[in-house]
Amino acid sequence: MGLLSKKDAKLITDPLADNNPITIQVLGICSALAITAELKASIVMSISVLFVLGIGNVVISLMRNIIPSKIRIIVQLIVVATLVIIVDQVLKAFAYELSKTLSVFVGLIITNCIIMGRFEAFALGNGPWKSFLDGIGNALGYAAILIIVGFFRELLGSGTLLGIKVLGDPIEKTGLYALGYENNGFMLLSPMALIVVGIIIWVQRSRNKALIED
Amino acid sequence: MGLKQNLHNLKEKYKGKKIAPLFNGFHTFLYLPNETTHGGTHVKAADDLKRTMNTVIMALIPCLLFGMFNAGYQHHLATGEVEKVTSFFSGNFWNLSNLWIGALKVLPLVIVSYVVGLAIEFVFCIIKGHEIEEGYLVTGMLVPLIVPVDLPLWMLAVAVAFGVVIGKEVFGGTGMNILNPALTIRAFLFFAYPTWMSGDKVWVHDAVNRAGTADAISGETMLGSLAQNLTPSYSVSDMFFGFIPGSVGETSTLLILLGALFLIFTKIGNWRIMVSAVFGALMMGYIFNTVVDAGVITESSKFYGLMSLESWKHLIIGGFAFGVVYMATDPVTASQTNKGKWIYGFLIGFVSIMIRVFNPAYPEGVMLAILLMNVFAPTIDHYVVQGNVKKRLKRLKAKTA
């Protein structure tokens, strides 16, 4: 590892698997349930969180010695809110349709537990470079789950991926639909997102028994 | 050397291996095992899991047979090949051509349900290293009886796989599940493929294929037409005997009633749950009737059809009777305490009629009511037990004071 020391690299790789914010810490579930019916929305949401958490962690870390601990939550909120507004405006300017799909959930990044959690748990006690890596790592861990869930929900629920009809046309009855296949409407409902996340947790814990709590 | 000896030998051969539960399972299912308990206290009871499950299956067989005849009858009635039956033993209903269509449509459902479900059960037992339980035998028989006759088989297979894995195996298998697996399977089908689970096409064989052609046929369920404020053309005896469209095995209240008596007589099904559920349903129905009589709801309301239905008629239409007798009484997912069973049953009846009336998309509430109460059953038990603890503490205090 030339660029990153072993310890720094761990900051990025840990949240991807064994300390994943969604499947292990079970944070940020709301958005994982709400916007994963389409893969595109999951990806955009992931990028937004990556941006907010990466920069936010650095900002908080730079200010960590001057923030009075009594009002630190308010300061953190202002930092996230500022970043989220930037994301929201950019989306509205360049991807208006998508911003309508994501609707309130971009705004709700402010209350995403992962972000406040990383500010509290990491950025307040570590330097900017480490905080940046930690932010990126956690956002990537969040993104990984969102994209897996979004992939399965869009594929099985609508028969499309990123809007492309990969399984054939359900109305014209081509591809799989000619054989009598039908889209699974349950996949588009939020409870199924919870079940998919549950299955990911199940698979992950049966592969790595150390993660099982009693 | 018979099959029994062969199985026994295989069991000995693979003892301690991962595959062992497979042979044990077959052996226990087909024969009485050779092993006996040695030393210590013996519990001598005839009602083991195998007998319990087989008794329920016996109680279900009449519903299954009736369902086959009814599938054929509804089809022939819709195409105009037979006359409407007037008495229970009418030849228009009990004939081979009806049975033939029914068998052709219903038996594949039974086979798919058992093959998929048992395969998953076996795989999980081998992976987890526990013995195969008989729990799926009943679920596998219930599932074909609570789906529409024309349901595509692959959908059933997907739903069974989902229901067995997510509804049962993740919690630890038979006896550990929170939700009734058969109803989990049906709920999955309903939310995943609503067009195959509701409407006026799916209940009669071949109606889907003929839609839009000159030979189009349709058959609305009682609940379906009542929810649209239409007056169905079936007499009370049709509803009671079961000559109406519906899911495969749930139409005949008469046979369900016989099954219920059989289950109560053999002490397999719990009479408290059945009685209190019927009471709860009558009560909710009565409340709705009173509301209609008071003039709050008039004929222009979309709830009028179901609300104005006499409360006792709710018991003989839709899946209410079937759900209450065969699924609410599931000993694993129901409340365990006697007082709890009264509350649990009452709420199932009460809530299912409420859902029936107010759910615009799908006018059958018993499935969702039972699933909801399955979730609440442990809570009910908790409060019943705590109430008893409190009562006894009070008694103790009074004695020592």
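Computed from a predicted structure; not experimentally measured.

Rules used throughout
- Residues numbered from 1 in each chain as written.
- Chains lettered and ligands numbered in written order.
- Predicted model: local features only at pLDDT ≥ 70, side-chain atom pairs only at ≥ 80, totals over all residues.
- Helix = DSSP H or I, 4+ residues; strand = E, 2+ residues; numbered from the N terminus.
- Rg over C-alpha atoms; globule rule 2.2 N^0.38 Å.
- Buried ≥ 20, exposed ≤ 12 C-beta atoms within 10 Å, placed from the backbone.
- Contact = placed C-beta atoms within 7 Å.
- Nonpolar A, V, L, I, M, F, W, Y, C, P; charged D, E, K, R; others polar.
- Arc of directions from axis to C-beta.
- UniProt positions renumbered as here; feature names shortened; annotations may be inferred.
- Core = buried A, V, L, I, M, F, W, Y, C linked by C-beta atoms within 7 Å.
- Axes fitted to C-alpha atoms, helices over the stretch in contact; angles between N-to-C directions.
- Left-handed = near helix turned anticlockwise from the far one by under 90°.
- pLDDT = per-residue confidence, 0-100.

**Remarks on the overall build of chain B**
Part 1 of the reasoning: The secondary structure content of chain B amounts to 18 helices and 0 strands.
Part 2 of the reasoning: Expected size for 401 residues packed as a compact globule is a radius of gyration near 21 Å; at 23 Å, chain B falls within 12% of this value.
Part 3 of the reasoning: Each principal axis of the C-alpha atoms in chain B carries an extent, and together these give about 70 × 70 × 35 Å.
Part 4 of the reasoning: Classification of the 401 residues of chain B by burial places 46% in the buried group.
Part 5 of the reasoning: Here the contacts in chain B between residues at least 6 apart in sequence split such that 73% fall between residues at least 24 apart.

**Re the interface of chain B and chain A**
Part 1 of the reasoning: With 8 residues of chain B at the interface, the matching set in chain A holds 8 residues.
Part 2 of the reasoning: Per-element accounting of the side of chain B that touches chain A gives the leading share, 3 residues, to helix α7 (residues 181-192) of chain B.
Part 3 of the reasoning: Of the residues belonging to the side of chain B that touches chain A, the class tally is 8 nonpolar, no polar and no charged.

**Concerning helix α7 (residues 113-121) of chain A**
Residues and elements named next belong to chain A.
Part 1 of the reasoning: Within α7 the residues assigned to the buried category are I114, I115, R118 and F119. Burial along α7 is one-sided: seen end-on, the buried residues are contained in an arc of 130°.
Part 2 of the reasoning: Those residues of α7 hidden inside the fold are in contact with α3 (39-63), α4 (72-94) and α8 (128-158).

**Here's the deal with the UniProt feature "modified residue: FMN phosphoryl threonine" (unreviewed entry) in chain B**
Residue and element names in this part refer to chain B.
Part 1 of the reasoning: Summarizing the sequence annotation, UniProt attributes the feature "modified residue: FMN phosphoryl threonine" (unreviewed entry) to T221 in the numbering used throughout.
Part 2 of the reasoning: Within the secondary structure layout, T221 lies in the loop between α9 (207-210) and α10 (222-227).
Part 3 of the reasoning: Not counting the four nearest positions on each side in its chain, T221 is found in contact with W203, P245 and G246.

**Regarding the nonpolar core**
Residues and elements named next belong to chain B.
Part 1 of the reasoning: Core analysis: the biggest nonpolar cluster contains 144 residues, and L189, I348 and I370 have the highest contact counts within it.
Part 2 of the reasoning: Tallying contributions element by element places helix α3 (residues 49-79) first for this core, with 12 residues.
Part 3 of the reasoning: Excluding residues that lie within four positions of it along the chain, I370 makes contacts with N180, L183, G323, M327, A328 and I348.

**Focus: the environment of B:A377**
Residue and element names in this part refer to chain B.
Part 1 of the reasoning: If you trace the backbone, A377 turns up in helix α18 (residues 366-400).
Part 2 of the reasoning: The sequence separation of A377 and W271 amounts to 106 residues, and the corresponding C-alpha distance is 17 Å.
Part 3 of the reasoning: If we skip the residues at most four places from it in the chain, A377 touches T333, A334, S335 and Y344.

**Concerning the packing of helix α4 (residues 96-128) of chain B against helix α6 (residues 153-167) of chain B**
All names here are of chain B.
Part 1 of the reasoning: Relative orientation of the contacting elements α4 and α6 amounts to 35°, with a least axis distance of 9 Å. Handedness of the crossing formed by α4 with α6: right-handed. In contact with P108, L109, V112, S113, V116, G117, I120 and E121 of α4, α6 contributes L153, L156, A157, V160, A161, V164 and V165.
Part 2 of the reasoning: When the residues that make up the contact of α4 with α6 are grouped by side-chain class, the tally is 12 nonpolar, 2 polar and 1 charged.

**Notes on the UniProt feature "transmembrane region" (unreviewed entry) in chain B**
Residues and elements named next belong to chain B.
Part 1 of the reasoning: Within the UniProt annotation, "transmembrane region" (unreviewed entry) is assigned to residues 106-129, 141-166, 240-266, 273-292, 312-329, 341-359 and 365-385.
Part 2 of the reasoning: As a span, residues 106-129 carries 96% helix and 0% strand, and end to end its C-alpha atoms are 34 Å apart.
Part 3 of the reasoning: The distance from the first to the last C-alpha atom of residues 240-266 is 24 Å, and the span holds 56% helix and 0% strand.

**Considerations on unusual backbone geometry**
Part 1 of the reasoning: With a phi close to 60°, B:K267 is a non-glycine residue in the positive phi region.
Part 2 of the reasoning: Among the structural elements, B:K267 can be located in the loop between α12 (253-265) and α13 (271-293).

**Points about the UniProt feature "transmembrane region" (unreviewed entry) in chain A**
Residues and elements named next belong to chain A.
Part 1 of the reasoning: Feature annotation in UniProt places "transmembrane region" (unreviewed entry) on residues 43-62, 74-95, 101-119, 131-152 and 185-203, given in this structure's numbering.
Part 2 of the reasoning: The span residues 74-95 shows a helical share of 95% and a strand share of 0%, and its end C-alpha atoms are spaced 30 Å apart.
Part 3 of the reasoning: Note that residues 131-152 is 100% helix and 0% strand, and that its end C-alpha atoms are spaced 32 Å apart.

**Thoughts on the environment of B:Y114**
Part 1 of the reasoning: Relative to the helices and strands, B:Y114 resides in helix α4.
Part 2 of the reasoning: As a C-alpha pair, B:Y114 and B:P144 span 30 residues in sequence and 9.5 Å in three-dimensional space.

**With respect to the confidence of the model for chain B**
Residue and element names in this part refer to chain B.
Part 1 of the reasoning: Per-residue pLDDT for chain B has a mean of 82; in total, 93% of the residues score no lower than 70.
Part 2 of the reasoning: For chain B, α9 is the element with the lowest average pLDDT, namely 68, and α18 is the one with the highest, namely 91.
Part 3 of the reasoning: Here the predicted complex carries an ipTM of 0.81, next to a pTM of 0.85.

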